[in-house]
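Architecture at a glance
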Amino acid sequence: NSMCVCPTGKYFNGTNCGACGNGCSNCKNSTSCTVCYDSTATIISGSCTCPAGQFINSSSLCSACGTGCLVCSSTSSCTTCYDSTAIKSGGSCTCPAGKYLTGTTCASCGSGCSACPNNSSCSSCYDTTATMSGGTCSCPSSKYFNGSLCVACNSTCLTCSSQTTCNTCDSSKK
């Protein structure tokens, strides 16, 4: 009475060798893995699970998901982003306007900035009247940023930081 020995990734089901689950090198049955091919994977409820931001590839090893992606089925298919404000785009996650990806979170660009690679380099401003200098957006004189838009100062101000805070008064309007 000889016992059949199945190759790695398969188990004996009584009559022949059946396949273990995805990423599993040794198992009791198709839903009960005991050893994963990739040592970084853990067994959760009988299945091999890669660390966050990784998936089991066609070679049964853990591979990185796309940029900013927490859960994916391949490098081109992201299902969950690390940051809940990020937008899924194919296999990666991108931050909404006015934010940039820093590690796994979307951080705000500088004041009035609609696109930036980091918080000190603005590449475009929300308001078309704003000017960009040294990687920051600036409103023209006699205007200030109210959120992302340049808004006119009080009529007695040459420069201001809000509707009620005059930085430089217009001497002709005294």
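Here, every reference points to the structure presented above.
Notes on the structure follow. The structure presented is a predicted model; accordingly, all values stated were derived computationally and were not measured.

Attention now goes to the overall build of the protein. The number of helices and strands found in the protein is zero helices and 22 strands. Taking all 174 residues of the protein together, 32% fall into the buried category. Taking the intrachain contacts of the protein between residues at least 6 apart in sequence as the baseline, contacts between residues at least 24 apart amount to 11%. Surface exposure of the protein reaches about 10000 Å², of which carbon and sulfur atoms provide 50%. In the protein, which carries 7 positive and 4 negative side-chain charges, the distance between the mean positions of the two groups comes to 6 Å.

Quick look at unusual backbone geometry now. Of note in this structure, Ser 45 is not a glycine but carries a positive phi near 50°. Along the chain, Ser 45 turns up in the loop between strand 5 (42-44) and strand 6 (47-49). Exposure remark for Ser 45: the relative accessible area of 72% places this residue in the exposed category. One non-glycine residue, Ser 142, lies in positive phi territory at about 70°. On the secondary structure map, Ser 142 appears in the loop between strand 18 (136-138) and strand 19 (143-146).

Now for the side chain of Asp 127. Along the chain, Asp 127 turns up in the loop between strand 16 (124-125) and strand 17 (131-133). At 6.0 Å, Lys 143 is the nearest oppositely charged side chain to Asp 127, a buried residue that forms no salt bridge. A distance of 2.5 Å separates a polar atom in the side chain of Asp 127 from a polar atom in the side chain of Thr 129. A polar contact of 2.7 Å, which involves the side chain of Asp 127, links it to the backbone nitrogen of Cys 150. Not counting chain neighbours up to four residues away, the residues in contact with Asp 127 comprise Ser 148, Leu 149 and Cys 150.

Let's shift gears to the side chain of Asp 170. Tracing the chain through its elements places Asp 170 in the segment after strand 22 (165-169). Residue class for Asp 170 comes out buried when judged on its relative accessible area of 15%. Once residues lying within four places of it in the same chain are set aside, the contact partners of Asp 170 are Thr 156, Cys 157 and Leu 158.

Looking now at the state of the cysteines. In the structure shown here, the tally under the stated rule is 15 disulfides. Paired through a disulfide, Cys 153 and Cys 160 show a sulfur-sulfur distance of 2.0 Å. Residues Cys 153 and Cys 160 are joined by a disulfide whose S-S torsion is about -90°; by sign, that bridge is left-handed. Both residues of the pair, Cys 153 and Cys 160, belong to the buried class. With no disulfide partner, Cys 169 has as its closest neighbouring cysteine sulfur the one in Cys 166, 4.1 Å distant.

Criteria and thresholds
- Residues numbered from 1 in each chain as written.
- Predicted model: local features only at pLDDT ≥ 70, side-chain atom pairs only at ≥ 80, totals over all residues.
- Heavy atoms only, no water.
- Helix = DSSP H or I, 4+ residues; strand = E, 2+ residues; numbered from the N terminus.
- Buried < 20%, exposed > 50% of the residue type's maximum accessible area, 1.4 Å probe, protein only.
- Contact = heavy atoms within 4.5 Å.
- Areas by Shrake-Rupley, 256 points an atom, 1.4 Å probe, with all protein chains shown as cover.
- Lys, Arg positive; Asp, Glu negative; His and termini not counted.
- Charge placed at Lys NZ, Arg CZ, Asp CG, Glu CD.
- Salt bridge = Lys/Arg side-chain N within 4 Å of Asp/Glu carboxyl O.
- Polar contact = N/O pair within 3.5 Å; in protein donor to acceptor, adjacent residues only side chain to side chain.
- Disulfide = S-S within 2.5 Å.

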